[in-house]
Amino acid sequence: MSHAQAELRNQLQAGAFDIVAVTAFPMNIPVDIEVVGIKRSMSLSACLCEIETRGGLKGYGFTAITEEEVVASAINEVAGHLIQGECALDTERLWERLTWTMIPRGQSGYASHAIAAIDIALWDIKAKALGLPLWRLLGGARSEVPVYTTFGFSFLGRDELVEAARHWVAQGNTRLKMTVAAEAMLHRDHKPVNAVIAEDARRVLAVREAVGDDVEIYIDANCNLDAVHALQLAQRVEEARIGFFEEPIMHNDIRQMADLRQRTSIRIAAGQNEGQAYRFRDMLVQGAVDVVQPNVAITGGYTQCLKIAGLASAFNVSYANGGAWPFHNMHIHAGLANGSLVEYHHPAVLMSRMIYKDLPEARNGKLALPETPGLGFEPDLDAVRELCKRPSARGRGKG
Ligand SMILES: [Mg+2]
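Procedures and definitions
The written sequence of each chain sets the order in which its residues are numbered from 1. This being a predicted model, a pLDDT of at least 70 is required before a residue's local features are given, and a value of 80 or more before pairs of side-chain atoms are given or counted; all residues contribute to the totals for chains, interfaces and linings. Only hydrogens and water are set aside; all other atoms, that is, all heavy atoms of the structure, feed into the side-chain values. Water is not among the atoms examined, so metal sites may look incomplete; donors are the N, O and S atoms within 2.8 Å of the metal, or within 3.2 Å for Na, K and Ca. Segments assigned H or I by DSSP are reported as helices when at least four residues long, segments assigned E as strands when at least two residues long, and all are numbered from the N terminus. Each residue's exposure class comes from its accessible area (1.4 Å probe, protein chains only) as a fraction of the maximum for that residue type: buried when under 20%, exposed when over 50%, partly exposed otherwise. Note on method: axes are straight lines fitted to C-alpha atoms, helices fitted across the in-contact stretch only, with angles between N-to-C directions ranging 0 to 180 degrees. Roughly parallel refers to an angle under 35 degrees, roughly antiparallel to one over 145, roughly perpendicular to one between 65 and 115, and oblique to any angle outside these ranges. When the near helix sits turned anticlockwise from the far one by under a right angle, the crossing is termed left-handed; a clockwise turn instead gives a right-handed crossing. We call two residues contacting when some pair of their heavy atoms lies within 4.5 Å. Each residue is assigned to one of three groups, with Ala, Val, Leu, Ile, Met, Phe, Trp, Tyr, Cys and Pro labelled nonpolar, Asp, Glu, Lys and Arg labelled charged, and all others, Gly among them, labelled polar. Domain borders in the structure are assigned automatically or taken from a domain database. A quick way to say it: buried area is the sum, across both parts, of accessible area lost when two parts are put together, with a 1.4 Å probe. For this analysis, a salt bridge means a side-chain nitrogen from Lys or Arg found within 4 Å of a carboxyl oxygen belonging to Asp or Glu. Pairing between two strands is assigned when DSSP locates at least 2 bridges connecting them.

*Asks:* Looking at this model, I keep getting lost on the coordination of the magnesium ion. Mind explaining?
*Replies:* For a metal with four donors in a tetrahedral arrangement, the ideal angle between donors is 109.5 degrees, while six donors in an octahedron ideally sit at 90 or 180 degrees. Around the magnesium ion, the protein supplies Asp220 (OD), Glu246 (OE) and Gln272 (OE1) as donor atoms, at distances of 2.1 to 2.2 Å. Spacing between the donor residues of the magnesium ion along the chain follows D-x25-E-x25-Q. One end of the pair, aspartate 220, is in strand S6 (residues 216–220); the other, glutamine 272, is in the loop between strand S8 (268–270) and helix H10 (277–285), with 52 residues separating them in the sequence. The exposure class of glutamine 272 is buried, given its relative accessible area of 7%.

*Asks:* How do you make sense of the packing of helix H3 (residues 91–102) against helix H4 (residues 110–130) when you look at a structure like this?
*Replies:* Relative placement of two packed helices is described by the angle separating their axes and the distance separating the axes. Between H3 and H4, the shortest axis-to-axis distance is 10 Å and the interhelical angle comes to 165°. Overall, the two elements H3 and H4 adopt an arrangement that is roughly antiparallel. Seen along the crossing, H3 lies across H4 with a hand that is right-handed. Contact residues: H3 offers Thr91, Leu94, Trp95, Leu98, Thr99 and Met102, while H4 offers Ala111, Ala114, Ile115, Ile118, Asp119, Leu122, Trp123 and Lys126. Here the residues of the contact of H3 with H4 sort into 10 nonpolar, 2 polar and 2 charged.

*Asks:* Got a minute to help me understand the domain arrangement of the protein in this structure?
*Replies:* Accessible area lost during the coming together of the parts is what is often quoted as the interface size. If you check the domain split of the protein, you get domain 1 (3–131) and domain 2 (135–379). The C-alpha-based centres of domain 1 and domain 2 are spaced at 24 Å. Between domain 1 and domain 2, a total of about 3,400 Å² is buried, with carbon and sulfur atoms accounting for 73% of that surface. It is Val36, Phe62 and Trp123 in domain 1 that bury the most area against domain 2; as a group they hold 17% of the surface buried on that side. For the interface between domain 1 and domain 2, the tally reads 2 salt bridges. With a closest N to O distance of 2.7 Å, glutamate 92 and lysine 307 form a salt bridge. Contributions of two or more residues to the side of domain 1 that touches domain 2 are made by strand S1 (19–35), strand S2 (38–53), strand S3 (58–64), H3 and H4.

*Asks:* Looking at this structure, how should I read the sheet that holds S3?
*Replies:* With respect to topology, 3 strands assemble into an open sheet ordered S1-S2-S3, the strand pairing being antiparallel. One side of each edge strand has no neighbouring strand; the edge strands of this open sheet are S1 and S3. The average angle at which neighbouring strand axes cross in this sheet is 25°, direction not considered. Its contacts with the sheet put helix H2 (residues 68–83) on S1, S2 and S3, and the angle it makes with S1 is roughly 160°.

In structure tokens:
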């Protein structure tokens, strides 16, 4: 046994990796965007999870696109107590314990976010304990991952959208994603959906015209359409050679997505906010998607996303990142052979830079993975504590 192996065994036997503290930090983070002279401010919710071991190692998990205070309470009041005193390296056993307590009968929702944040922190600790960057521990398939840039938001007018697309292409980005159907917002009293998708189609075709044939364009409806309008939009934009149509139908209705997929040549993608692996099994068995998109920060962390990636591989279906948070998701896409596109969501990247130090920068459509043990980046805890003092998205103070 080498000295390093003996040292690790001694640490394990002495309980150095036993969990002594679990702390969640809920944040409502203001993000100011400026692209081609267009300014926009938005707030993004996020929750950082710090786990400390007896030996002093700290791991940091993360979740977002949720109610940050609810998830923080689930971690601080429930999940943290379940793993106190346990060995942080036992990611599979702890994931099982958390799942059986918090979502024992296949529920999802806030608990999946809480479990994801904890699981990411545990893998950060495990990789640090072994002295490996996480992507190498997960399999080391590649040292850089391709990214796509999410830029095309509904607050940009059609001309501004075209100008922004040209801007991102000039920066070396050859894969662009834009939102569609943002104003459809099913169940809300907004514009007629026919008018919304007619304008969406004009926007998509205008971007294709502006960027030429060599740029990939993806569209994302964020589950805002019913099946009829999703099909109508797909038919209207088919000539623009879309790379994939993400979350076209409300609730990721599997039967309706499978039907849509039979009626369009555009690839269908879904899954960023799904909490459970069986949902991906059903999408695959029913032929509902061409791309599965679990997100490690939402879909139960690395522990569950590894299994979903395995399912995708067995079904010969693409596995990519949807739902942003590229710096956490890049590790699994670099680690696994069937890892692929990572979403470089512009506001999410700006937000990540407000709470983390040492984040890598995408260059020429690629993100190089760090060689530092663990995730390879650490939170700026002073910034995190300041952001925790801001009122939540629902207007309650945080004291
Ligand atoms: Mg999405």
